[in-house]
Amino acid sequence: MLRPITVSRFSFSFAGRRPRLFSISTSPSLSVAFFSSSGISSAAMATAPVTKKIPHVMEMFGDVRVDNYYWLRDDSRSNPEILAHLKSENEYTDLVMSGVKQFEEKLFAEMRGRIKEDDISVPVQKGPYYYYERTLEGKEYVQHCRRLISSSAPPSVYDVMPTGPEAPAEHVILDENIKAQQHDFYSIRAFKVSPNNKLVAYAEDTKGDEIHNVYVIDIESGALIEKPLTGLTTYLEWAGNDTLIYITMDEILRPDKVWVHKLGSDQANDSCLYHEKDDMFSLDLQLSESKQYLFVGSESKNTRFVFYLDISKQENGLMTLTSRTYGIDTSASHRGNHFFIKRRSDEFFNSELLACPVDNVLETTVLLPHRESVKLQDFQLFNDHLAVYERENGLPKITIYGLPPVGEALGRLQGGRMIDFIDPVYSVEPEESQYSSSILRFSYSSLRTPYSVYDYDMNEGISVLKKIETVLGGFDSSNYVTDRKWAMASDGTQVPISILYRKDLVKLDGSDPLMLYGYGSYEVCIDPSFKASRLSLVDRGIIFAIAHIRGGGEMGRQWYENGKLLKKKNTFTDFISCAEYLVENKYCSKEKLCIDGRSAGGLLMGAVLNMRPDLFKAAVAGVPFVDVVTTMLDPTIPLTTSEWEEWGDPRQEEFYYYMKSYSPVDNIKPQNYPNILVTAGLNDTRVMYSEPAKFVAKLRDLKTDNNLLLFKCELAAGHSSKSGSVGNFVF
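Rules of the game
- Residues numbered from 1 in each chain as written.
- Predicted model: local features only at pLDDT ≥ 70, side-chain atom pairs only at ≥ 80, totals over all residues.
- Heavy atoms only, no water.
- Helix = DSSP H or I, 4+ residues; strand = E, 2+ residues; numbered from the N terminus.
- Rg over C-alpha atoms; globule rule 2.2 N^0.38 Å.
- Buried < 20%, exposed > 50% of the residue type's maximum accessible area, 1.4 Å probe, protein only.
- Contact = heavy atoms within 4.5 Å.
- Areas by Shrake-Rupley, 256 points an atom, 1.4 Å probe, with all protein chains shown as cover.
- Lys, Arg positive; Asp, Glu negative; His and termini not counted.
- Charge placed at Lys NZ, Arg CZ, Asp CG, Glu CD.
- Pairing = 2+ DSSP bridges.
- Salt bridge = Lys/Arg side-chain N within 4 Å of Asp/Glu carboxyl O.
- Phe/Tyr/Trp six-rings, centres within 6.5 Å; stacked < 30°, edge-to-face > 60°.
- Lys NZ or Arg CZ within 6 Å of the ring centre and 35° of its normal.
- Expected span 1.5 Å × (residues − 1).
- Core = buried A, V, L, I, M, F, W, Y, C linked by side-chain atoms within 4.5 Å.
- Axes fitted to C-alpha atoms, helices over the stretch in contact; angles between N-to-C directions.
- Patch = residues over 30% accessible without salt bridge, like charges linked within 9 Å, V, L, I, M, F, W, Y side chains within 5 Å.
- pLDDT = per-residue confidence, 0-100.

Peer 1: Explain the overall build of the protein to me, using residue names and the numbers behind them.
Peer 2: Scanning the protein for helices and strands turns up 13 helices and 38 strands. Relative to a compact globule of 731 residues, whose C-alpha radius of gyration would be 27 Å, the protein shows 25 Å and is just as compact. Expressed as lengths along the three principal axes of its C-alpha atoms, the size of the protein is roughly 70 × 60 × 55 Å. For the protein, the residues scored as buried account for 61% of the 731 residues in total. In the protein, 60% of the contacts between residues at least 6 apart in sequence involve partners at least 24 apart. Put simply, the protein shows about 27,900 Å² of open surface, and 49% of that area lies on carbon and sulfur atoms. A distance of 3 Å separates the average location of the 80 positive side-chain charges in the protein from that of its 98 negative side-chain charges.

Peer 1: Could you give an account of the pairing of strand 21 (residues 352-357), naming the residues involved and the relevant values?
Peer 2: Strand 21 sits mainly inside the fold: 6 of its 6 residues count as buried. By the alternation rule, side chains of strand 21 split into Glu-352, Leu-354 and Cys-356 and Leu-353, Ala-355 and Pro-357, which are all buried. Here 3 bridges tie strand 21 to strand 22 (residues 365-368), and the two strands are oriented antiparallel to one another. By the bridge assignment for strand 22, Ala-355 is matched with Thr-365.

Peer 1: Describe in detail the pattern of salt bridges, supporting the description with residues and values.
Peer 2: When the charged atoms of two side chains lie near each other, side chains of opposite charge can form a pair. What the rule picks out here adds up to 51 salt bridges. A salt bridge links Arg-371 to Glu-390; its shortest N-O distance comes to 2.7 Å. One end of the pair, Arg-371, is in the loop between strand 22 and strand 23 (374-381); the other, Glu-390, is in strand 24 (residues 385-392), and 19 residues separate them in sequence. Judged by relative accessible area, which is 3%, Glu-390 ranks as buried. In this structure, Lys-590 engages Asp-614 in a salt bridge whose closest nitrogen and oxygen atoms are separated by 3.5 Å.

Peer 1: If you had to explain the packing of aromatic side chains to someone new, which residues and values would you point to?
Peer 2: Counted according to the given criterion, the structure contains 23 aromatic pairs. Between Phe-295 and Phe-339, the aromatic rings sit 5.8 Å apart at their centres with planes inclined by 80 degrees, giving edge-to-face as the arrangement. Of this pair, Phe-295 sits in strand 16 (residues 293-299) while Phe-339 is found in strand 20 (residues 338-344), placing the two residues 44 residues apart along the sequence. According to the relative accessible area criterion, Phe-339 is buried, its value standing at 0%. The interplanar angle of 90 degrees and the centroid separation of 5.1 Å between the aromatic rings of Tyr-656 and Tyr-657 together place this pair among those described as edge-to-face. Note on Tyr-657: relative accessible area 35%, which makes it partly exposed. Taking the ring centre of Trp-559 as reference, the NZ or CZ of Arg-550 above it sits at 6.0 Å.

Peer 1: Run through helix 8 (residues 569-584), naming residues and quoting values.
Peer 2: Every α-helical turn comprises 3.6 residues, leaving residues that sit three or four positions apart pointing alike. Between the first and last C-alpha of helix 8 there are 22 Å, a value that for 16 residues agrees with the 22 Å anticipated at 1.5 Å per step. Looking at helix 8, one finds that the buried residues are Asn-570, Thr-571, Phe-572, Asp-574, Phe-575, Ile-576, Ser-577, Cys-578, Ala-579, Tyr-581 and Leu-582. Taken from the residues just after helix 8, Lys-586 is the one with a positive phi, measuring 65 degrees.

Peer 1: Before we move on, can you summarise the nonpolar core with the specific residues and values?
Peer 2: Counting residues in hydrophobic clusters, the biggest one holds 124 residues, and the most contacted among them are Leu-440, Phe-442, Leu-516, Phe-575 and Leu-582. Discounting chain neighbours no more than four positions away, the residues touching Leu-516 are Ala-545, Ile-546, Ala-547, Phe-575, Ala-579, Leu-582, Leu-593, Cys-594, Ile-595 and Asp-596. Membership of the second largest hydrophobic core comes to 15 residues, among which are Tyr-131, Tyr-202, Tyr-215 and Ile-219.

Peer 1: So what's going on with the sheet that holds strand 28 (residues 439-445)? Which residues, and what values?
Peer 2: One open sheet holds the 4 strands; their spatial order is 27-28-29-30, and the pairing between them is antiparallel. The open sheet has two edge strands, strand 27 (427-430) and strand 30 (462-468), and neither has a second partner. Shown here is a sheet whose adjacent strand axes are inclined to one another by a mean of 30 degrees, direction ignored. Taken together, the 6 bridges between strand 29 (residues 452-457) and strand 30 define a ladder with antiparallel strand orientation. Paired with Val-453 across the two strands is Lys-467, which belongs to strand 30.

Peer 1: Give me the lowdown on the environment of Tyr-454, citing residues and values where you can.
Peer 2: Within the secondary structure, Tyr-454 sits in strand 29. Each C-alpha atom of the pair Tyr-454 and Val-464 lies 5.5 Å from the other, and the pair is 10 residues apart in sequence. With near-sequence residues (within four places) excluded, Tyr-454 lies in contact with Leu-440, Arg-441, Phe-442, Tyr-444, Ser-463, Val-464, Leu-465 and Lys-466.

Peer 1: Let's hear about a nonpolar patch on the surface: which residues, and what values?
Peer 2: A surface patch of nonpolar side chains, about 260 Å² in accessible area, is lined by Val-57, Val-64 and Val-66. Position of Val-64 among the secondary structure elements: in strand 2 (residues 63-67). For Val-64, a relative accessible area of 46% puts it in the partly exposed group.

Peer 1: Tell me about the confidence of the model for the protein, and name the residues and values.
Peer 2: Looking at the protein as a whole, its pLDDT mean stands at 92, while 92% of the residues score no less than 70. The model gives residues 9-26 a pLDDT under 50, and that stretch makes 76 contacts with residues more than four places away or in other chains.

Peer 1: Summarise helix 13 (residues 690-702); cite the residues concerned and give the values.
Peer 2: With 13 residues, helix 13 extends 18 Å from end C-alpha to end C-alpha; this agrees with the ideal 18 Å at 1.5 Å per step. For helix 13, a buried count of 10 out of 13 residues is recorded, marking the element as mostly surrounded by other parts of the structure. Taken as a whole, helix 13 has its buried residues at Ser-690, Glu-691, Pro-692, Ala-693, Lys-694, Phe-695, Val-696, Ala-697, Lys-698 and Leu-699. For helix 13, the secondary structure elements touched by its buried residues are strand 2, helix 3 (80-97), helix 9 (600-611), helix 10 (628-632), strand 37 (675-681) and strand 38 (709-714).

Peer 1: Summarise the sheet that holds strand 9 (residues 199-205); cite the residues concerned and give the values.
Peer 2: What the 7 strands build is an open sheet, ordered 8-9-10-11-12-13-14; its pairing is antiparallel. Looking at strand neighbours, the two that pair on one side only are strand 8 (187-193) and strand 14 (271-275), the edges of this open sheet. Ignoring which end each strand starts from, the neighbouring axes of this sheet average 35 degrees apart. For strand 12 (residues 243-249) and strand 13 (residues 255-262), the ladder comprises 7 bridges, and the chain directions are antiparallel. Paired with Thr-243 across the two strands is Lys-262, which belongs to strand 13.

Peer 1: Help me get a handle on the pairing of strand 13, residues and values and all.
Peer 2: Along a regular strand, successive side chains alternate from one face of the sheet to the other. The element strand 13 is largely enclosed, with a buried count of 6 among its 8 residues. Where strand 12 hands over to strand 13, the hairpin turn is made up of 5 residues, of which Leu-253 adopts a positive phi near 65 degrees. As judged from the 4 bridges shared by strand 13 and strand 14, these two strands associate in the antiparallel manner. Pairing of Lys-257 across the sheet is with His-275, part of strand 14.

So, in structure tokens, the structure goes:
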């Protein structure tokens, strides 16, 4: 099923395609440098920018707030005074960091030196071709390639794409390196091959604002077929060989309309399949594994309902599959004469799996019932099998079920076969598989196991490793220890922590430095996966840990429910409890504890810095959502209306005062703070650059210490920072 990603203030990787690594390039070097005593201190005597104050008075429920830095917001991002201010902050950061410039260059070279730059992804079979991506030495972007399949044998887990002079020639469909030369920022977020393998439609973002132009090209010649479609999201699918279905956004960047486009026609003449007028809901689009149906989902944070389009009968338009019922969340796919539906409700909070006949969608059969201890997260359909992705005790798992022949009745599933994994903590994600085969493709990694792609024979129960990410520089996974510990939260809840360290460097006596990462929002699961750049921390004796705090989805739906709305503070106190656990159990000391989070995780950073600034040596807050009350009171800001079910609606008094009690900008006070790095992207549409800018300005005005406070705003990037897969690293 591979459910589409919910639009939120969080930017996440797309299922089925290995994510690129995006971050502010200053962040890793500064994070490591905070643990060092050399280089920064002499430059820190530079004078930090002083932000002028223009009082802006806001009153709600008789409560008056004064924002002296409200003037920093400019939706056009063109105000010369504001741009000059952001540049002065960047110049100050560069000056302070100049003392560790050599170290930064060494660190960059070290990280880049671990990457096998000349590489290809695992090929995916589509019709008579293998499709894959290639990276080239010294290049920042990928080439999209394909090669003819020379064998007519049925697919096997042992298949290998032939290369060399005797193999069918490689054809480069699109070289992003060439396209990116004309832009400071470049990203392709959708690359869709037509069913007949003759055309490609791809979505291009050249600003980082996540507003895309879609180009359709002839695969063989590379020639444009027509003028680009403008103002699109990344939701884009083929409905036959001459029709595209796509989604556009309204003025607050909410995906709200589904369109049909016939190749060769003008975009102005495209017909609208559906318009979602409720600004609490956003649309998404998904193609069934069978390729016979398109599903349009309309989703708020609590509710999701689904329409379907029969690609062979497009004249019928969208048909209702699941109804719009508050608190019921559904997603769907198709096999034979049945739709398969994952359904969540307040009663069945960890979801159940249903099936219904295509010709009678109201006649449902329970295939997998709701279980309080197991969360049904996703599923993948095949002609003869069903792969179910679940979570139990905080860990992901995959269970395979055989299905009766198409056309036969479906009943409750029995006798599933689980796939075994070796690490104590790990990450598993679905990858693109062939519906007509019995081969499941998934990716696996852990904190010490590089990104690995497996093909699993669902008939034989055999896993075959197709590719493991090459990590250069003498990497040996046996040098590293991964573990899971549990911290007790203030209300007695046990919170899992994933830990990585190098066993020959760490003493575990309280003297080791540690970086603690956290997120804790939107039911997102921050599973412990591998990042080669993280070795630059760990190989210096720094412990890396992830706090799996409430507000995420690691421990099931209730874990999320207990970290949102009027229970949001559990997210912050859980993180503090994890930090205290690590100090008390001698993984580190307060003087050697650095924390890291971005986006909604940046909110986490801001909140805990206000609550317990004494607990941390340093903090990195990436594109942080820190001006919670002001932003959530403004429905003209992208994503605000759809997020009232996540954070609460501050137009209601109870939510107003609760949000104000933790909103980072509103809770800065005269006290000592640790060293802090804050980052932003000027074109960010998820968290406006002005939020971190105001946070830094107010901190500078009120904090009582002489510790570092640095702000880096990328002026040609959005929420994901600079584009390109090499040169911007994240821990």
